[in-house]
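# Descriptive analysis of the structure
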Amino acid sequence: MSHRHILPLALAATLVAAPAAPLDLAPLAVEAPPWPAEDATAAATVLAPQGERARARDLPDLLEESAGVSVRRFGGVGSFATVSLRGTGANQVALFLDGIPLRAAESGTVDLSTLPLAALARVEVYRGTSPVGLGGQGIGGVVNLVTVSPTRPRTTVAASGGSFTTLRAALTHARPAGRLHLLAHLDLLHTAGDFPFDDDHGTPLNGADDGRHRRANNRQEQASLLLKVDGPAPGGRWRATTLTFARAAGVPGLAPLTSSEAHLSQGREITALTWEGEGGRLAGLTARLFGEVERLRFIDRLGEVGVGRQANDETTTSVGTTVKGVRQVGGHRLTLLGQGLAERYRSTNRLVAAADTPPQSRQVVTVAAEDRIALVGGRLTVAPLVRYERYRYDFAGTVTFAGLPREVGARPDVGHLTGKLGLRWEAADSLSVRANGGRYVREPSFSELFGDRGALLGNPDLRTERGTTWDVGGEWEGDVGPVAVRLAYTYFHLNLHDLIQLVQTSQRVARPENASGAAVRGHEVEAQAHLGRLALTVTWTHQTSEDRSGDAFADGNPLPGRPADEVAARATWEGGRLAPFYGLHYQGERPLDRANLAVVAGRTLHDMGLRWRPRGQAGPTVTVEIDNLTNDATADVAGFPLPGRSARAGVVWNF
């Protein structure tokens with residue numbers, strides 16, 4: 001990523017800025033082994049909102065407390081947020097919801113703020129590896145979001161309020177109904193988003209025009225509804241899942257180029273029907289039919305965000321099916337997977353006379369096989385995997401950029417053969433060692449190929465991104481005197497080729513181009529300690545990135561947007577009616593441009609709060625929390641301002 005593309009990328013990202021945090025959550029919990037069943041050898045972490053369900057958190061907050069994870073926020077409260085694993089880009093990380101691929105074919109990037117964390121039972125993070133059972137791959141890794149199970153009766157009501165007129169209400173209800181299990185989760189949010197920030201008016205060397213202003217045009221309303229039902233079926237069980245999301249939001253733009261009227265409306269529907277075999281020959285067989293529809297309407301009649309006046313309607317649809325079979329044969333656990341996917345994208349600028357443009361589409365077929373081999377009495381696991389993906393493109397007609405038509409040429413079909421090898425050795429009951437290596441690819445997204453709302457000029461000649469990655473590490477768990485301890489360490493190394501980087505072509509426009517390559521290597525450390533009621537979790541990621549493009553002004557420099565160090569720590573007093581907690585997040589300085597001339601200073605943010613809960617299980621749990629306790633004025637991607645000190649309070653009642 002370079003300084004030439006930071007600004008346009010940030011401008012485009014504000015077009016999907018989103019509201020804030022689900023509240024019905026507990027302190028962070030990191031599960032120890034056994035590892036997630038999808039990958040026995042991966043450098044994996046499971047993040048779970050366990051225990052008291054009262055912590056005010058959102059999905060980005062939860063993810064950034066995992067080693068190897070960096071979250072990028074494009075603004076204030078609950079803004080558009082993306083996840084990066086091991087220094088890769090957000091579009092190099094694959095996201096899934098209950099195994100359903102969140103493809104984000106339009107941009108290649110999934111907005112974390114659109115996913116309701118309060119409806120999740122756990123979050124599985126696979127760093128540097130892509131489990132065969134999920135059917136997709138990411139150069140940086142995979143994040144799988146697992147929703148709560150409706151197998152036991154439960155009703156939870158949550159309400160909260162906080163700074164910047166932020167209000168949230170949530171309702172979760174689960175119950176058995178005969179042979180069926182039902183779950184419904186509703187989440188509503190409103191925020192004015194009008195936090196104060198330091199504005200240098202775009203002249204950082206001239207302090208005379210500096211001032212402190214409030215973020216304007218940042219009001220947002222959001223609603224999400226998750227429905228799940230499962231029941232018996234011939235030979236197994238069936239499950240239906242649907243997640244509906246809607247949002248209306250102002251688009252404030254990048255300070256100091258703020259907008260007064262730009263507005264975004266967004267709707268998303270994710271639906272899946274799954275059948276899982278139980279017993280006999282059907283055991284281990286899973287079939288899933290899934291689909292996703294996303295509609296965006298962006299209005300910028302004054303041309304304040306991109307180039308030219310915009311009134312864009314964008315629709316992206318993905319429909320697919322997955323069949324997975326798992327069979328134990330002696331010491332071999334064989335997994336075979338087949339997946340078919342059809343993606344379709346249409347963008348229309350309603351201000352252009354000839355606005356009706358043909359859809360662009362592609363089809364993807366994936367077949368994969370993994371053999372998980374148990375050796376040395378089951379203490380050594382060897383897991384080779386091979387995957388083949390075939391892309392068929394159907395591009396035609398014209399697309400519009402800033403009101404001007406652009407012809408779309410044909411793109412040749414392409415196939416990719418990739419694979420990985422994983423090893424895990426249980427050296428002792430409390431010590432395990434693992435290693436992984438693999439090769440991954442990423443095809444360009446539709447917005448990279450065709451452009452996006454006046455800020456991103458498409459490039460239909462982009463080549464496929466490619467990367468190789470390997471890591472080695474281990475975990476130890478045991479007691480040190482009265483303290484229960486878990487430690488994990490990983491060394492990782494990535495080589496990236498034909499990276500798609502945005503090159504700025506004018507003040508507000510960028511064009512994606514392939515760069516020669518880059519390398520990222522580093523260390524990941526996770527530590528947990530429990531002493532009585534005190535629980536402490538600390539993660540540290542140190543990484544060194546290197547531009548290998550061959551460009552004289554950038555070659556050998558650290559890559560933009562990658563801090564060398566990130567530390568997250570959380571202390572929680574577990575048990576008791578009054579439970580205080582404290583959190584710290586440190587992010588080192590990071591360059592904004594490939595020449596490393598513009599640098600964002602490092603920041604250390606402190607959070608502190610207190611939770612009160614009644615005796616027993618009845619009654620409400622109340623949480624009060626202050627974020628950014630020291631009121632640091634800071635910014636994130638490309639200078640998007642972040643809030644200073646803010647407060648929130650919430651109540652959760654379980655029935």
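## What to know about the overall build of the protein
- A tally of regular secondary structure across the protein gives three helices and 38 strands.
- For the protein, the proportion of its 655 residues judged to be buried stands at 57%.
- If you take every contact in the protein between residues at least 6 apart in sequence, the share linking residues at least 24 apart comes to 64%.

## Thoughts on the side chain of Ser130
- Topologically, Ser130 is positioned in the loop between β7 (120-127) and β8 (141-147).
- Not counting chain neighbours up to four residues away, the residues in contact with Ser130 comprise Gly136, Gln137, Gly138, Val142, Leu385, Arg387, Lys420 and Tyr440.

## Side note on the environment of Gln339
- If you trace the backbone, Gln339 turns up in strand β19 (residues 332-349).
- With relative accessibility at 6%, the residue Gln339 sits in the buried group.
- Distance from Gln339 to Ala287, taken between C-alpha atoms, is 9.9 Å for residues 52 residues apart in sequence.
- Polar contacts involving the side chain of Gln339 include one to the side chain of Thr322, which spans 2.8 Å.

## Observations regarding the pairing of strand β11 (residues 180-191)
- Here 11 bridges tie strand β10 (residues 166-177) to β11, and the two strands are oriented antiparallel to one another. Considered in β11, the bridge of Ala174 is made with Leu183.
- Between β10 and the antiparallel strand that follows it, β11, lie two residues; Gly178 among them carries a positive phi value of about 70 degrees.
- Across 11 bridges, the pairing between β11 and strand β14 (residues 220-233) is antiparallel. Within the sheet, the bridge partner assigned to Leu188 lies in β14 and is Ala223.

## Structural notes on the packing of aromatic side chains
- The tally for this structure, following the rule as stated, stands at seven aromatic pairs.
- Geometrically, the ring pair formed by Phe164 and Phe195 is edge-to-face, given 6.0 Å between the ring centres and 65 degrees between the ring planes. Residue Phe164 is found in the loop between β9 (154-162) and β10, and its partner Phe195 is found in the loop between β11 and β12 (196-199); the two are separated by 31 residues along the sequence.
- Here Phe164 falls in the buried class, since its relative accessible area comes to 12%.
- A cation over a ring is seen here: Arg215 above Phe197, with NZ or CZ 5.8 Å from the ring centre.
- The ring of Tyr393 carries Arg411 above its face, with NZ or CZ at 5.2 Å from the centroid.

## Concerning the confidence of the model for the protein
- Residues at a pLDDT of 70 or more form 85% of the protein, whose mean pLDDT is 82.
- Helix α1 (residues 3-14) is the least confidently modelled element of the protein, averaging 35 in pLDDT, while strand β27 (residues 483-497) averages 94, the highest of any element.
- The low-confidence segment residues 1-35 (pLDDT under 50) makes 174 contacts with residues lying over four places distant or belonging to another chain.

## Quick look at the side chain of Asp371
- Along the chain, Asp371 falls in strand β20 (residues 360-375).
- Buried within the structure, Asp371 lacks any salt-bridge partner; its nearest side chain of opposite charge belongs to Arg372, at an N-O separation of 8.1 Å.
- Side chain to side chain, Asp371 and His332 meet in a polar contact 2.8 Å long.
- Here Asp371 is in contact with His332, Arg333, Leu334, Val382, Ala383 and Pro384, once residues within four sequence places are set aside.

## Focus: the pattern of salt bridges
- Inspection of the entire model under this criterion finds 28 salt bridges.
- The salt bridge involving Asp471 is made with Arg86; its shortest N-O contact spans 3.0 Å. Here Asp471 is found in strand β26 (residues 465-480), whereas its partner Arg86 is found in the loop between β4 (81-85) and β5 (93-97), with 385 residues between them in sequence.
- Overall, Arg86 belongs to the buried group, its relative accessible area being 1%.

## Here we look at the pairing of strand β33 (residues 578-587)
- Residues Ala579, Phe581, Gly583, His585 and Gln587 point to one face of β33 and are all buried, whereas Leu578, Pro580, Tyr582, Leu584 and Tyr586, pointing to the other face, are not buried.
- When strand β32 (residues 565-573) meets β33, the two strands line up antiparallel, connected through seven bridges. Residue Ala571 lies in a different strand from β33, and its bridge partner there is Tyr582.
- Hairpin remark: β32 followed by β33, antiparallel, with four residues in the connecting loop; positive phi at Gly575, about 90 degrees.
- Judged from the 10 bridges that link them, β33 and strand β36 (residues 603-612) form a sheet pairing that is antiparallel. Across the sheet, the residue bridging to Phe581 is Gly609, located in β36.

## Remarks on the environment of Pro358
- Structurally, Pro358 is set in the loop between β19 and β20.
- Here Pro358 falls in the partly exposed class, since its relative accessible area comes to 31%.

## Comments concerning unusual backbone geometry
- Non-glycine residue Asn596 carries a positive phi angle of around 65 degrees.
- For Asn596, a relative accessible area of 22% translates into the label partly exposed.

## Thoughts on a nonpolar patch on the surface
- A contiguous nonpolar patch, built from Val157, Leu171, Leu186, Leu188, Leu225, Leu227, Trp653 and Phe655 and spanning about 680 Å² of accessible area, is present on the exposed surface.
- Sorting the residues of the nonpolar patch by element identifies β11 and β14 as the ones contributing at least two each.

The rules behind the values
Residues numbered from 1 in each chain as written. Predicted model: local features only at pLDDT ≥ 70, side-chain atom pairs only at ≥ 80, totals over all residues. Heavy atoms only, no water. Helix = DSSP H or I, 4+ residues; strand = E, 2+ residues; numbered from the N terminus. Buried < 20%, exposed > 50% of the residue type's maximum accessible area, 1.4 Å probe, protein only. Contact = heavy atoms within 4.5 Å. Polar contact = N/O pair within 3.5 Å; in protein donor to acceptor, adjacent residues only side chain to side chain. Pairing = 2+ DSSP bridges. Phe/Tyr/Trp six-rings, centres within 6.5 Å; stacked < 30°, edge-to-face > 60°. Lys NZ or Arg CZ within 6 Å of the ring centre and 35° of its normal. pLDDT = per-residue confidence, 0-100. Lys, Arg positive; Asp, Glu negative; His and termini not counted. Salt bridge = Lys/Arg side-chain N within 4 Å of Asp/Glu carboxyl O. Patch = residues over 30% accessible without salt bridge, like charges linked within 9 Å, V, L, I, M, F, W, Y side chains within 5 Å. Areas by Shrake-Rupley, 256 points an atom, 1.4 Å probe, with all protein chains shown as cover.

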